[in-house]
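Per-entry structural report
In case you want the letters, here they are:
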Amino acid sequence: MTKRVAHILMVAAVWAMLGACGDTEFRYSNYHCNLTLDNAIHQDATLASAMDSNAPGTFCAIGCKMEGGAKYFTFRNSHGASTQSIFKAIDDRLESQLHLGFNGTVIVGYGNMDYPAPFYAYDGECPNCFSPDALPVRSYPLSMSAAGIATCGTCKRQYNLNLEGMVVSGGGKPLTLYRASTTGPTGKLQVY
């Protein structure tokens, strides 16, 4: 047996073992989401409420908007607080790399269903209604409740933000999940 055939057989065996783990699915999105935000600079309490591991269950939707010729981050948490913070010099330098989900919003926060509380980042669009390939691209934004439930205004599906964005009513795909990390309420947030 040649080395090439042995290598092919070994790779096939590894793939067979990986597939033998059951019906597993890679949970993170292939879409390139990129956000780096330093809350030590912004000092935004709405964002900080979702980045506090000591108070899991609060989530924050992050977006951007233009107003009066200036760019702002917008923050809206699951308890109804809503704030905005003007782009700082560091944000302007990173803007070329800023990609906030499929249609301009990500939702971040610590789940309260596990210990230690996992930090989640979700796309702000309903995964069962939104299609990046549709023409024209239409937005299907999610609203959030204090109980950590995200709801699509179109299909009325509900998703548990505290539990990997799993569907709790309506069936279908769970929320689109991104990798994320935070260094605390007044620290750095990264979504990638």
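Below: a short report on this structure. If you're wondering where the values come from, they're calculated on a predicted model, not measured in any experiment.

As for the pattern of salt bridges
Per the counting criterion, the structure on display carries one salt bridge. Here K65 makes a salt bridge to E67, at a shortest N to O gap of 2.8 Å. For E67, a relative accessible area of 38% gives the class partly exposed.

Quick notes on a nonpolar patch on the surface
A contiguous nonpolar patch, built from M113, L163 and M166 and spanning about 260 Å² of accessible area, is present on the exposed surface. With respect to the element layout, M166 can be found in strand 10 (residues 166-169). By relative accessible area, M166 is classed as partly exposed at 36%.

Comments concerning the sheet that holds strand 9 (residues 158-160)
Read from one edge of the open sheet, four strands run 7-8-9-10, paired in antiparallel fashion. Strands at the two margins of the open sheet, each flanked by one partner only, are strand 7 (142-144) and strand 10. Neighbour to neighbour, the strand axes of the sheet diverge by 35 degrees on average, direction disregarded.

Section: the sheet that holds strand 11 (residues 177-178)
Pairing is antiparallel in the open sheet, where six strands are placed in the order 4-3-2-5-6-11. Each end of this open sheet is capped by a strand with a single partner; those strands are strand 4 (82-86) and strand 11. Pairing of strand 3 (residues 70-77) with strand 4 involves five bridges; the strand directions are antiparallel. In the sheet register, F75 faces strand 4, and the bridge partner there is T83.

Thresholds, definitions, all that
Per chain, residue numbering runs from 1 following the sequence as it is written. For a predicted model such as this one, the threshold for reporting local features is a pLDDT of at least 70, and the threshold for listing and counting side-chain atom pairs is 80 or more; totals across whole chains, interfaces and linings nevertheless cover every residue. The side-chain quantities take in all heavy atoms of the structure and omit both hydrogens and water. The working definition used for a salt bridge is a side-chain nitrogen of Lys or Arg within 4 Å of a carboxyl oxygen of Asp or Glu. Each residue gets one of three labels from its accessible area relative to the maximum for its type: buried under 20%, exposed over 50%, partly exposed in between, using a 1.4 Å probe on protein chains only. Patches in this entry comprise residues that are over 30% relatively accessible and not in a salt bridge; like charges within 9 Å are linked, as are nonpolar side chains (Val, Leu, Ile, Met, Phe, Trp, Tyr) within 5 Å. For the accessible areas, the method is Shrake-Rupley and the probe is 1.4 Å, while residue cover comes only from the protein chains on display. Comment: elements are numbered from the N terminus, with helices defined as DSSP H or I runs of at least four residues and strands as E runs of at least two. Only strands that DSSP links by at least two bridges are regarded as paired with each other. Axis angles are defined between N-to-C directions and span 0 to 180 degrees, where every axis is a line fitted to C-alpha atoms and, for a helix, only to the segment in contact.

None of the figures reported here should be taken as evidence of function without further support.
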